[in-house]
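Residue-level structure breakdown
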Number of protein chains: 2
Amino acid sequence: MSVDLETAKEQLDLHLDENLESDLTAYDIAHHLKTLKHHDDELFNDYVKQLDPETLGDVAMELPESLLKDVIENVPSEQIVNALAELESDDATDLLQQIEEIDEDKAREIFDRLDKDDQADILRLRSYDENEAGAYMQTELFSANLAERLGDAVARLRELKAAGELENISQLFIVDNHHILKYAIPLEELILFDFSKSLRAIIDEKEPDFYKPHTALDSDNIKDVVGIVQDYDLNVIAVVDSRGVLLGRITADDIHDIIEESATEQIYNLAGVDDDAEDEETLVKAGKARAIWLLINLFTAIVSSAIIGLFDETIASYVALAVLMPIVASMGGNTGTQALTVTVRRLTLGEIEFKDAKHVLKREVGISMINGTIFGFVMGVIAWFWFDKALLGVVIAGSMVINLSLAGFFGTIIPLTLKRFGIDPAVGSAVVLTTFTDCIGFFSFLGLAKWILL
Amino acid sequence: MSVDLETAKEQLDLHLDENLESDLTAYDIAHHLKTLKHHDDELFNDYVKQLDPETLGDVAMELPESLLKDVIENVPSEQIVNALAELESDDATDLLQQIEEIDEDKAREIFDRLDKDDQADILRLRSYDENEAGAYMQTELFSANLAERLGDAVARLRELKAAGELENISQLFIVDNHHILKYAIPLEELILFDFSKSLRAIIDEKEPDFYKPHTALDSDNIKDVVGIVQDYDLNVIAVVDSRGVLLGRITADDIHDIIEESATEQIYNLAGVDDDAEDEETLVKAGKARAIWLLINLFTAIVSSAIIGLFDETIASYVALAVLMPIVASMGGNTGTQALTVTVRRLTLGEIEFKDAKHVLKREVGISMINGTIFGFVMGVIAWFWFDKALLGVVIAGSMVINLSLAGFFGTIIPLTLKRFGIDPAVGSAVVLTTFTDCIGFFSFLGLAKWILL
């Protein structure tokens, strides 16, 4: 038995032994299960079935699609139903969605066996688009009516917690008789009050807006909601519908995940990769999404090649040009990518917007011109000695100053313009940029060469 | 007066009017102040001086270096001292650091006027390296001794909150007589207990490990701490020293910022940009950091050019090769960057590690080979018709299959290897990769051409 397998078994045994405390997270357990599966299918099935419903739900969410498939096939539906019931509504919805992608019939069977409340929650959450705040909320929260006594609300919290229906509470949301959200009191305030008082009385003690809640509409873009949570340093934000009715809440740990997912999406988009397609297990789906960007890149590469084609006689009479021209294009591409990346990121973080264009352009073109001049000079000297021809040095130096400066300009203006028209500045901008830097690089270098050298 | 300026003044007036509620965040106020400054220096100074200490501190943290400089020069030191005293210890330390970078004497003067406790906090936090968890903690927290009655602890919370010394509380940290952290009780549990009980009695009611706190060592790497907070979905994590003494806490909103900063760092590193240098106001510092990567890129571009140089006679006798060769290099670079980006990100997110190399390589090389074959075929046909020569099509198709497949291989193996040796896989890997894809692209294309065509 391999060391890996032995460790995994040992850790899982420790976790399953009720008399021992184990510190394993769902992530850890999923990791150990992967190791088991790698060595022995039976062992994997055996251990998965022994997990209690709450752990099974959390672990299932951490498993890749291929292993989740094994879970669905081998664990009795009853156990999966119980696991879903233990999950918070947002997580239950996600997991059921994943199950549906693997086996629709199974997903329907499981859904039918859930209780009516859980079914309603899942249907509601699934009705939202993936950019909408509603899709990220959980419906489990601690709320009370304005007329209630604080002590009664706390008694209800005790019951809900004992029943395992509520966790990670940091606010009491207070609604009126129409379930419209009126106030939110953080627990750190709540604990200071006399429990025999009514919530109305507690709120009246403070200024009118003291307990005004931070809210998001269920139809708000989730990225804007993340922005509010960050600006106000919130632990939780309430989600309401257009009439103000309290629907759910989004907690800080969900915000962590969204920030990280958004960053991944941006990094992937800059490289011409689709983050959703990459999550697929099959090569073909991920490959297809990447091929789209490669196709666009092929088209633009042909355009820059056509520019080289304009100068075929110049190259034929002086082959050193063919040797040196990729350097001009490559340095331009890199300089432009630096400006592009900084601009895209600063736009995302809200540090700059379109109206700052002049200031940002000045900075980026400034940096590119300085670096263009330095590296143009260095490469000019190198080319001069390499091919023993001073004028060749002048040509490459000149074209590098032109290409690197314009690279800075286009690397900045492309994302600013995309953003101005409401297009995600990370998507496709790198391909557009390198089209410019390649074309300008080849044209300026070969054009200057034709003019000066021949 | 411009519309911008008018709006900014209006919003700030509203904020300063004590009888009106204003919803402006520090970020909004900083934004409006920037607009004022842009139009009128005096107006800027005027409004900054009117901010109350708490707001001044928060706003100062949102201002760029150049405006912070104006604040330091124009706002009386007394006001800045009060603003620092209102900030949480981690923020006060950051702001003082920023002031020091602008004017060391002023920073010293302000520091000397702070009270002894604030001074001690700042000295302690400044003693940490920027990767250490200690540098990110705040020392303000809600703690109690095991022997205390819950009611007494809550009474202290009331006083500390009334004095404005504590906010954003979600746990009570319980220490022994040596200030060693023993337990942490979330407020959602605390509120359920009888306030006349001692904490000892409350803890004894549950299983031994029920209130075991999640902790980080002050010397832990902050990225590992973020990982723990994410794995366990925490709102707060305690920071202790090597003996277990409670030093401070890191809250969810700090974690948000760290996740976002880490993502920015990674995006910048992939593009050869240094995130710290970009924060500098001067062009020269940012430009210098970028120039280092451009220098490395220049060197590697010269290496690939030298490879072209090996085939100068081949190119001289058939110029179409010079026209087509950048396409092979560009498509390889893009394919490799896709594999590289996905691998770097998945390594960061902990989805893969070095021991998964075989599986990851199979996937990435698989995708690259499929796309290499498709685009090799497409480009082969295009080249055949473009230059009316079938064999040229065969050459470019063959070299693209080779280059794109190897691009997938190197795009995966480079970050995996860097990570294996404890090097950040985002730093420099893109430059190394394009060196490979350029060299292999030129060599395979020109080599095949020499062999097949001539």
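Every chain is numbered independently, its residues counted from 1 as its sequence is written. Chain letters and ligand numbers both follow the written order, the letters beginning at A and the numbers at 1. Under the rules for a predicted model, residues below a pLDDT of 70 receive no local features and side-chain atom pairs below 80 are neither given nor counted, while totals for whole chains, interfaces and linings still include all residues. To get the side-chain values, all heavy atoms of the structure are used, and hydrogens and water are removed first.

For chain A, an unreviewed UniProt entry supplies the name Magnesium transporter MgtE and the organism Campylobacter gastrosuis. UniProt positions are given in the numbering used here, feature names are shortened, and annotations may be inferred rather than shown by experiment. Regarding chain A, the relevant UniProt record gives this comment under Subunit (unreviewed entry): "Homodimer." Listed under Function (unreviewed entry) in UniProt, the entry text for chain A is "Acts as a magnesium transporter."

This next bit is on the sheet that holds strand E4 (residues 215-217) of chain A. All names here are of chain A. In this analysis, strands are considered paired if DSSP registers two or more bridges between them. A run of H or I in DSSP becomes a helix once it reaches four residues, and a run of E becomes a strand once it reaches two; helices and strands are each numbered from the N terminus. Across the sheet, which stays open at both edges, the three strands sit in the order E4-E5-E6 with mixed pairing between neighbours. Both outer strands of the open sheet, E4 and strand E6 (246-251), are each paired with one neighbouring strand and no more. If you compare each strand with its neighbour and ignore which way they point, the axes differ by 35 degrees on average. Both E4 and strand E5 (residues 236-240) contribute to a ladder of three bridges, which runs parallel. The residue of E5 that forms the bridge with Ala-216 is Val-239. Of the strands in this sheet, E4, E5 and E6 touch helix H13 (residues 222-231), which is tilted by about 140 degrees from E5. As a rule, the C-alpha atoms of each element are fitted with a line to give its axis, helices using only the stretch in contact, and angles between N-to-C directions run from 0 to 180 degrees. By the convention used here, residues are in contact when the closest approach between their heavy atoms is within 4.5 Å.

This part covers the interface of chain A and chain B. Tallying the contact residues gives 102 residues for chain A and 103 residues for chain B. By buried area we mean the combined loss of accessible area, with a 1.4 Å probe, across both parts when two parts are placed together. Between chain A and chain B lies a buried interface of about 9,200 Å² when both sides are counted; carbon and sulfur atoms form 62% of it. Here, a salt bridge means any Lys or Arg side-chain nitrogen found within 4 Å of an Asp or Glu carboxyl oxygen. Counting the contacts that link chain A with chain B gives eight salt bridges. Polar contacts, as counted here, are pairs of nitrogen or oxygen atoms within 3.5 Å of one another; within protein the pair requires one atom able to donate a hydrogen and one able to accept it, and residues that are adjacent in sequence qualify only if both atoms are side-chain atoms. The tally of links between chain A and chain B comes to 36 residue pairs in polar contact (both at pLDDT 80 or more). Ranked by the residues each element gives to the side of chain A that touches chain B, the list is headed by helix H18 (residues 320-348) of chain A, at 17 residues. Its residues assigned to classes, the side of chain A that touches chain B shows 53 nonpolar, 22 polar and 27 charged. Following the grouping adopted for this structure description, the nonpolar residues are Ala, Val, Leu, Ile, Met, Phe, Trp, Tyr, Cys and Pro, the charged ones are Asp, Glu, Lys and Arg, and the polar ones are all others, Gly among them.

Let us now look at the packing of aromatic side chains. All names here are of chain A. A pair of aromatic rings is counted whenever rings of Phe, Tyr or Trp (Trp by its six-membered ring) have centres within 6.5 Å, and the orientation is called stacked for planes under 30 degrees apart, edge-to-face for over 60 and tilted otherwise. Enumeration over the complete set of coordinates arrives at 13 aromatic pairs over all chains. With 4.9 Å between their ring centres and 25 degrees between their planes, Trp-386 and Phe-387 make a pair best called stacked. Per-residue accessibility, obtained with a 1.4 Å probe over protein chains only, is compared with the maximum for each type, and a residue is labelled buried under 20%, exposed over 50%, and partly exposed between these values. Of the residues examined, Phe-387 reaches a relative accessible area of 24% and is grouped as partly exposed. Here the aromatic residues Phe-409, Phe-410 and Phe-436 are joined through ring pairs into a cluster of three or more.

A separate point is the relation of the copies chain A and chain B. Least-squares superposition of the copies uses the C-alpha atoms of those residues scoring a pLDDT of at least 70 in each of them. Of the transformation placing chain A onto chain B, the axial shift is 0.0 Å and the rotation is 180 degrees, giving an RMSD of 0.1 Å. Viewed as a symmetry operation, the transformation between the two copies matches a two-fold axis. In this assembly the copies share their binding face: 100% of the residues contributing to the interface of chain A also contribute to that of chain B.

The split into domains, and so the bounds of each, comes from an automatic or database assignment of domains. Its domain assignment divides chain A into domain 1 (3-127), domain 2 (143-264) and domain 3 (275-452). Here the C-alpha centroids of domain 2 of chain A and domain 3 of chain A sit 50 Å apart.

Moving on, we come to helix H9 (residues 116-126) of chain B. Residue and element names in this part refer to chain B. When H9 is considered as a whole, its buried residues turn out to be Gln-119, Ile-122 and Leu-125. One side of H9 holds all its buried residues, which, seen down the axis, span an arc of 135 degrees. Residues of H9 that are exposed and point more than 90 degrees away from the buried face comprise Lys-116, Asp-117 and Leu-123. The secondary structure elements touched by the buried residues of H9 are helix H7 (89-102) and helix H8 (104-113). Regarding H9, its N-cap is Asp-115, as a side-chain oxygen of that residue lies 3.1 Å from the backbone nitrogen of Asp-117 further along. By arc we mean the arc of the directions from the helix axis to the C-beta atoms, nothing more.

Residues of helix H9 (residues 116-126) of chain A that are buried: Asp-118, Gln-119, Ile-122 and Leu-125 of chain A. Where H9 of chain A is buried, its residues touch helix H6 (77-86), helix H7 (89-102) and helix H8 (104-113) of chain A.

We now examine the UniProt feature "domain: CBS" (unreviewed entry) in chain A. This chain's UniProt record puts "domain: CBS" (unreviewed entry) on residues 208-265 of chain A. Span residues 208-265 of chain A is 41% helix and 24% strand, its end C-alpha atoms 41 Å apart.

Residue and element names in this part refer to chain A. Here, UniProt's "transmembrane region" (unreviewed entry) annotation points to residues 291-311, 317-344, 365-387, 393-418 and 430-453. Strand forms 0% of residues 291-311 and helix 95%; the C-alpha atoms that close the span are 30 Å apart. Span residues 365-387 is 100% helix and 0% strand, its end C-alpha atoms 31 Å apart.

The subject of this paragraph is the pattern of salt bridges. Residues and elements named next belong to chain B. Counting across every chain of the model gives 42 salt bridges over all chains. Notably, a salt bridge pairs Glu-100 with Arg-126, separated by 3.0 Å at the nearest N-O pair. Here the residue Glu-100 occupies a position in helix H7, and Arg-126 occupies one in helix H9, the gap between them amounting to 26 residues. The exposure class of Glu-100 is partly exposed, given its relative accessible area of 29%. Here Arg-243 and Asp-241 are joined by a salt bridge, their closest N and O atoms 2.8 Å apart.

Attention now goes to the side chain of Ser-368 of chain B. Relative to the assigned elements, Ser-368 of chain B resides in helix H19 (residues 357-386). Looking at Ser-368 of chain B, its side chain comes within polar contact range of the main-chain oxygen of Glu-364 of chain B, at 2.8 Å.

Each pair of packed helices gets described by two things: the angle between the helix axes and the distance between those axes. Put simply, helix H14 (residues 252-270) of chain A and helix H18 (residues 320-348) of chain B touch, their axes get as near as 10 Å, and they point 160 degrees apart. In this view, H14 of chain A runs roughly antiparallel relative to H18 of chain B, as classed from their interaxial angle. For the crossing formed where H14 of chain A meets H18 of chain B, the hand is right-handed. On H18 of chain B, the residues touching Glu-260, Ala-263, Thr-264, Ile-267 and Tyr-268 of chain A of H14 of chain A are Thr-341, Val-342, Arg-345 and Arg-346 of chain B. Residues of the contact of H14 of chain A with H18 of chain B, tallied by class, amount to four nonpolar, two polar and three charged. By definition in this entry, angles of less than 35 degrees are roughly parallel, angles greater than 145 are roughly antiparallel, angles of 65 to 115 are roughly perpendicular, and the rest are oblique. For any pair of crossing helices, the crossing counts as left-handed if the nearer helix is rotated counterclockwise from the farther one by less than a right angle, and right-handed if it is rotated clockwise.

Attention now moves to the sheet that holds strand E1 (residues 143-145) of chain B. Remark on secondary structure: sheet strands pair via backbone hydrogen bonds, oriented parallel or antiparallel. Residues and elements named next belong to chain B. Pairing within the open sheet is mixed, and its three strands lie in the order E1-E2-E3. Where the open sheet ends on each side, the last strands, each with one partner, are E1 and strand E3 (181-186). Direction aside, the axes of adjacent strands within the sheet are offset by 30 degrees on average. Both E1 and strand E2 (residues 171-175) contribute to a ladder of three bridges, which runs parallel. Bridge pairing links Asn-145 to Val-175 in E2.

Let us now look at the environment of Ile-99 of chain B. All names here are of chain B. In this structure, Ile-99 sits in helix H7. With relative accessibility at 2%, the residue Ile-99 sits in the buried group. Ile-99 sits 23 residues away from Ile-122 along the chain, and the two C-alpha atoms are 13 Å apart. Excluding residues that lie within four positions of it along the chain, Ile-99 makes contacts with Ile-72, Ile-80, Ala-107 and Ile-110.

Once that is clear, we can look at the pairing of strand E2 (residues 171-175) of chain A. All names here are of chain A. Taking burial as the measure, the five residues of E2 include four buried ones, the bulk of the element. Relative to strand E3 (residues 181-186), E2 runs antiparallel, the two being bridged by five bridges. Paired with Gln-171 across the strands is Pro-186, a residue of E3.

On to the environment of Gly-376 of chain A, then. All names here are of chain A. Its location among the elements puts Gly-376 in helix H19 (residues 357-387). What makes Gly-376 buried here is its relative accessible area of 0%. Separated by 25 residues in sequence, Gly-376 and Val-401 place their C-alpha atoms 5.8 Å apart. Residues within four places of Gly-376 in sequence aside, it is in contact with Asn-371, Ala-397 and Met-400.

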